[in-house]
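# Secondary and tertiary structure notes
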Amino acid sequence: MKNILAVGAHHDDVEIGCGGTLAKLAAQGHKVWIMVLTDSDVDFGAKGIRRTYQEATREFDLSVVQLGIPLDSVTSMSAVANGQLVYTQSLMQSLERVMFVKEIDTLFCHWQGDMNTDHIEAAKLCIVAGRHVPCIYQYRSNWYQPDVAFNGIVYSDISGEPFKKKQAALNCYSVEKKNRGQQWIDSFLHRDACNGTAIGVEHAETFEPVRVVI
């Protein structure tokens, strides 16, 4: 049995980047934990986007249940404001302690080449804190075009139930759908379909590995 930790900067990042894989692993009996590093509160008046911490956590709780992950395996660190996540030794050590206590052997984290600054800092925190973790996979969780290419060379087949669970999880984010439109969800699900085509299955998630122990 694996001990798996997925870390996201915001509520919804983990579901977007590796939700189907987490659902699959949880259904297989592996232990899955999720940590969120900011309060996800956003007020972007120019784009008409508004989400409170209370809305984000409420929808997040509904979402992870759809993935088949119990709420007692979820931690939300609301003290860090959205957009202000920075690498600090204390925060890194907090993550490190979790990894040691939970005996984490598989870590899913943000991709270092992301454009979102919270995502970049979260990646730094995880990769340093997880330096003793045997397997680390980076996921992509937004739709922006970065200045470097995401090299998703590790594929996870999420066809069938895992994909349905991911779809149900993302649809729990009604505030985000109102803010960004249905295409916000559809773009990620279509990407999973394209990834699946590359390996001859219906749907797949891809990851850029930091370290993989066989």
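See above for the structure.
Throughout this description, residue numbers start from 1 for each chain and increase along the sequence as written. For this predicted model, a pLDDT threshold of at least 70 governs which residues receive local features, and a threshold of 80 or more governs which side-chain atom pairs are given and counted, while totals over whole chains, interfaces and linings are taken from all residues. Side-chain metrics rest on all non-hydrogen atoms present in the structure, leaving aside hydrogens and water.

## A few points about the packing of helix α1 (residues 13-27) against helix α5 (residues 161-170)
How we decide: The angle between two axes is taken between their N-to-C directions and runs from 0 to 180 degrees, where each axis is a line fitted to C-alpha atoms and a helix contributes only its stretch in contact. Elements are defined by DSSP. Helices are runs of H or I of four residues or more, strands are runs of E of two residues or more, and each kind is numbered from the N terminus. Orientation is classified from the angle alone, with under 35 degrees giving roughly parallel, over 145 giving roughly antiparallel, 65 to 115 giving roughly perpendicular, and any other angle giving oblique. In a left-handed crossing the near helix is turned counterclockwise from the far helix by less than a right angle, and in a right-handed crossing that turn is clockwise. Residue contacts are defined here by distance: any two heavy atoms, one from each residue, within 4.5 Å place the two residues in contact. For this scheme, ten residues count as nonpolar: Ala, Val, Leu, Ile, Met, Phe, Trp, Tyr, Cys and Pro. Four count as charged, namely Asp, Glu, Lys and Arg, and the remainder, Gly too, count as polar.
In the contact formed by α1 and α5, the axes pass within 8 Å of each other and the chain directions differ by 130 degrees. One element, α1, and the other, α5, form an angle in the oblique class. Handedness of the crossing formed by α1 with α5: right-handed. Facing E15, I16, G19, G20, A23, K24 and A27 of α1, the residues of α5 in contact are P162, K165, K166, A169 and L170. Taken together, the residues of the contact of α1 with α5 sort by class into 6 nonpolar, 2 polar and 4 charged.

## Looking at the sheet that holds strand β5 (residues 74-76)
We apply this condition: Two strands are said to pair when DSSP picks up at least two bridges between them.
Spatially, the 7 strands line up as an open sheet ordered β5-β2-β1-β6-β7-β9-β8, and their pairing is mixed. This sheet does not close on itself; its edge strands, each paired only once, are β5 and β8 (154-157). Strand-to-strand, the axes of this sheet are offset by a mean angle of 25 degrees, without reference to chain direction. Two strands pair when backbone bridges link them, and strand β1 (residues 3-8) and strand β6 (residues 106-110) are joined in this way by 3 bridges, in the parallel orientation. Its bridge partner lying in β6, L5 is registered against L107. Sitting on the sheet, helix α3 (residues 89-101) is in contact with β1, β2 (31-36) and β6, with an inclination near 160 degrees to β1.

## Comments concerning the nonpolar core
Put simply, the test is: We call a set of buried Ala, Val, Leu, Ile, Met, Phe, Trp, Tyr and Cys residues a nonpolar core when their side-chain atoms join them within 4.5 Å. Exposure is judged per residue with a 1.4 Å probe applied to protein chains only, and the accessible area is read against the type maximum: over 50% gives exposed, under 20% gives buried, and values in between give partly exposed.
C18, L22, I34 and F108 are the most contacted members of the largest nonpolar core, which totals 31 residues. Elements that contribute at least two residues to this core include exactly β1, α1, β2, α2 (53-66), β7 (135-139), α5 and α7 (183-199). Ranked by the residues each element gives to this core, the list is headed by α1, at 7 residues. Discounting residues that sit within four places of it in the chain, I34 has contacts with L5, A6, V14, L22, F60, V64, I69, S73, V74 and T75.

## Quick notes on the layout of surface pockets
Keep this limit in mind: In this analysis a 1.4 Å probe is tested at points of a 1 Å grid over the protein atoms alone, and where it fits but cannot get out there is a cavity; an open set with protein on both sides within 12 Å along at least five of seven lines is a pocket; lining residues have an atom within 4 Å of a point. Grid points are joined across faces, edges and corners, and a volume is the space filled by probe spheres set on the points.
Looking at the largest pocket, its volume works out to about 570 Å³. Every residue lining the largest pocket is counted, 24 residues in all, and those nearest its centre are I49, N116, Y144, E176 and R180. Top element by residues in the lining of the largest pocket is helix α6 (residues 174-180). It accounts for 3 residues. For the lining of the largest pocket, the residue count by class is 8 nonpolar, 9 polar and 7 charged. Estimated volume of the second largest pocket: approximately 170 Å³. Around the second largest pocket, the lining residues are K2, T21, K24, L25, T106, F108, C135, Y137, V154, Y155, S156 and F207. Put simply, the parts of the chain that give the lining of the second largest pocket at least two residues each are α1, β6, β7 and β8. Among the residues making up the lining of the second largest pocket, the classes are represented as 7 nonpolar, 3 polar and 2 charged.

Without other data, these values stay purely geometric and don't point to any function.
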